Amino acid sequence: NLKIYSVYKLLQLKINVLFTDSDISFCDSAHVHLTSLIQTLEKYKTADLIIQSDLPGNFLCTGFYFVRSSPQSIHFFEQLLNMTSGDDQARMNALLCSSETGGKRMNHERCMSKSGFIAQVLPQHEYTNGAYKYKNKRVWYYSRERVMDWCRIGNVHGRMILHNNHIWPGNIKKDRMITQGLWYFDEQQQKCLDDPQMPSRENLLACNEYCLDTQLEMMK
């Protein structure tokens, strides 16, 4: 697994790693907020891995995490590499949280591997995955205007990231990011945009039920 191997090699070089998937939107200064958590709260100070939650899917989401370089972390990632089945997320959940492979759910926000490697989950309302609900509806399912307001610097929810996961098939993730106002790149000119790209009719249709409120507003 290339993702695991890349992090493993950096840990060997004594580099702490903040890993993020490309389908994550940064709503505020997540690295600054994460640093503050690590410095001030004991549960983050004592964890080897600080990671996004994937609930109600898997417990741990390997799309966003911070891992400290240490002999224990290097050993843990060696174990991940030596596993022969599952993607990076399945392997990490198995080693850390499944009793069948020596892992242990310590409480509702922490797991520990057989070797004592500890994972601490980040708060979902700040590090939000694609299945997270606000008032019984997933955050991504609201209107473009609402999603943009929830994912901006200084947003009232304190949201740091918004993960564009829990969407199938995966090839419509870009359509949803464009439709919901979180795509800031002009592919033709190969440059970043000051304002989010407006969706085409094709983007709206491809996003399907994953952007229903925006579809209803923009296709009247």
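Structure's up top.
The present account deals with the structure reproduced in this document. Values in this document were obtained by computation on a predicted structure and should not be read as measured data. (Residues numbered from 1 in each chain as written. Predicted model: local features only at pLDDT ≥ 70, side-chain atom pairs only at ≥ 80, totals over all residues. Heavy atoms only, no water.)

## What to know about the pairing of strand E4 (residues 60–67)
Side-chain direction in a regular strand flips from residue to residue, so the side chains alternate between the two faces of the sheet.
Now for step 1: Among the eight residues of E4, eight are classified as buried, and the element is accordingly described as predominantly covered.
Now for step 2: Two strands pair when backbone bridges link them, and strand E1 (residues 17–20) and E4 are joined in this way by four bridges, in the antiparallel orientation. Opposite Val 17, over in E4, you have Val 67 as the bridge partner.
Now for step 3: Taken together, strand E3 (residues 49–53) and the strand that follows it, E4, pair antiparallel across an intervening segment of six residues. (Buried < 20%, exposed > 50% of the residue type's maximum accessible area, 1.4 Å probe, protein only. Helix = DSSP H or I, 4+ residues; strand = E, 2+ residues; numbered from the N terminus. Pairing = 2+ DSSP bridges.)

## Here we look at the state of the cysteines
Now for step 1: By the definition in use, this model includes three disulfides.
Now for step 2: Cys 97 shares a disulfide with Cys 111; S-S distance 2.1 Å. Its torsion about the S-S bond being 115°, the disulfide of Cys 97 and Cys 111 is classed as right-handed. Pair noted here: Cys 97 is in helix H5 (residues 88–97) and Cys 111 is in strand E6 (residues 110–112), with a separation of 14 residues, a long-range link. This pair shows no difference in class: Cys 97 is buried, exactly as Cys 111 is. (Disulfide = S-S within 2.5 Å.)

## Considering helix H4 (residues 71–82)
Now for step 1: Counted at 1.5 Å a residue, the expected span for H4 with its 12 residues is 16 Å, and the 17 Å between its end C-alpha atoms agrees.
Now for step 2: Taken residue by residue, H4 has Ser 73, Ile 74, Phe 76, Phe 77 and Leu 80 as its buried positions. Seen end-on, H4 carries its buried residues on one side only, within an arc spanning 160°. Of the exposed residues in H4, the ones pointing more than 90 degrees away from its buried face are Pro 71 and Asn 82.
Now for step 3: Summarising the contacts, the buried residues of H4 are in contact with helix H1 (2–12), E4 and H5. (Expected span 1.5 Å × (residues − 1). Arc of directions from axis to C-beta. Contact = heavy atoms within 4.5 Å.)

## Observations concerning the packing of aromatic side chains
Now for step 1: Counted according to the given criterion, the structure contains 10 aromatic pairs.
Now for step 2: Ring geometry for Phe 76 versus Phe 77: centroids 5.8 Å apart, planes at 80°, classification edge-to-face. Exposure class is identical for Phe 76 and Phe 77. Each is buried.
Now for step 3: An angle of 70° between the planes, with centres 5.2 Å apart, marks the rings of Tyr 134 and Trp 150 as edge-to-face. Linking Tyr 134 in strand E9 (residues 133–134) with Trp 150 in helix H6 (residues 144–150), this pair joins segments that are 16 residues apart in sequence. (Phe/Tyr/Trp six-rings, centres within 6.5 Å; stacked < 30°, edge-to-face > 60°.)

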